[in-house]
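This is what each chain is made of:
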Amino acid sequence: MPRIRMEVDGATYEDDVEPRLLLVHYLRERLGKVGTPVGCDTSNCGACTVLMDGMSVKSCSVLAVQADGQDVTTVEGLGVEPSTPGGTHPMQRAFHEEHALQCGYCTPGMIMASLDLLRENPDPSEDEVREGLEGNLCRCTGYQNIVKAVRRAASEMREPGRQEVTP
Ligand code: FES
Ligand code: FES
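Basis of the calculations
- Residues numbered from 1 in each chain as written.
- Chains lettered and ligands numbered in written order.
- Predicted model: local features only at pLDDT ≥ 70, side-chain atom pairs only at ≥ 80, totals over all residues.
- Heavy atoms only, no water.
- UniProt positions renumbered as here; feature names shortened; annotations may be inferred.
- Buried < 20%, exposed > 50% of the residue type's maximum accessible area, 1.4 Å probe, protein only.
- Helix = DSSP H or I, 4+ residues; strand = E, 2+ residues; numbered from the N terminus.
- Arc of directions from axis to C-beta.
- Contact = heavy atoms within 4.5 Å.

- An unreviewed UniProt entry lists the protein under the name Carbon-monoxide dehydrogenase small subunit, from Actinomadura mexicana.
- One UniProt comment on the protein, placed under Pathway (unreviewed entry), says "Alkaloid degradation; nicotine degradation."

This is the structure:
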């Protein structure tokens, strides 16, 4: 069995894994990172999205061995870094404050995909948010409040302390 080593949410893990083990199953079943859900069998929903070296990936479509040597961040790794001393990342806060979730199943993936979106475009328009998140599906919200949340977080992350005024 191949041996892999990766950083996940700031800690280093080293394990022997089956070559066919998916990253999402490694995260959930071996590391207990159950904050990353599995929403489909088809790589469509985006619920399992994590960051791998800062870029969003659907962890159900990546093998654990492909993440060997990489730096993986799940939703559980947000809000613990020194830059977010309150323990809540601006994106998490914005989703909460804009009521951008109902059942919450899509939320971890939405948050992680949104962070990748802002990495590439720190000030996205509504249309750009919708386009950037088109790989992430939500069955509950109708997306409107998700778009508001991402733009609110973007504003706060550009200028800490300032928030986008949304209609
Ligand atoms: S569980 Fe990964 S895309 Fe649906
Ligand atoms: S909040 Fe239920 S799927 Fe998005």
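That was the structure; now back to the text.
### A few points about helix α1 (residues 23–30)
Okay, step 1: Buried within α1 we find L23, V24, Y26 and L27. Considered in projection along α1, the buried side chains sweep an arc of 165° and stay on one side of the axis.
Okay, step 2: Close packing links the buried residues of α1 with β1 (3–8), β2 (11–16), β3 (49–52) and β5 (71–73).
Okay, step 3: Positive phi appears at G32, one or two residues downstream of α1, with a value of about 75°.

### Focus on the side chain of T107
Okay, step 1: With respect to the element layout, T107 can be found in helix α3 (residues 107–120).
Okay, step 2: The exposure class of T107 is buried, given its relative accessible area of 9%.
Okay, step 3: Not counting chain neighbours up to four residues away, the residues in contact with T107 comprise F95 and L101.

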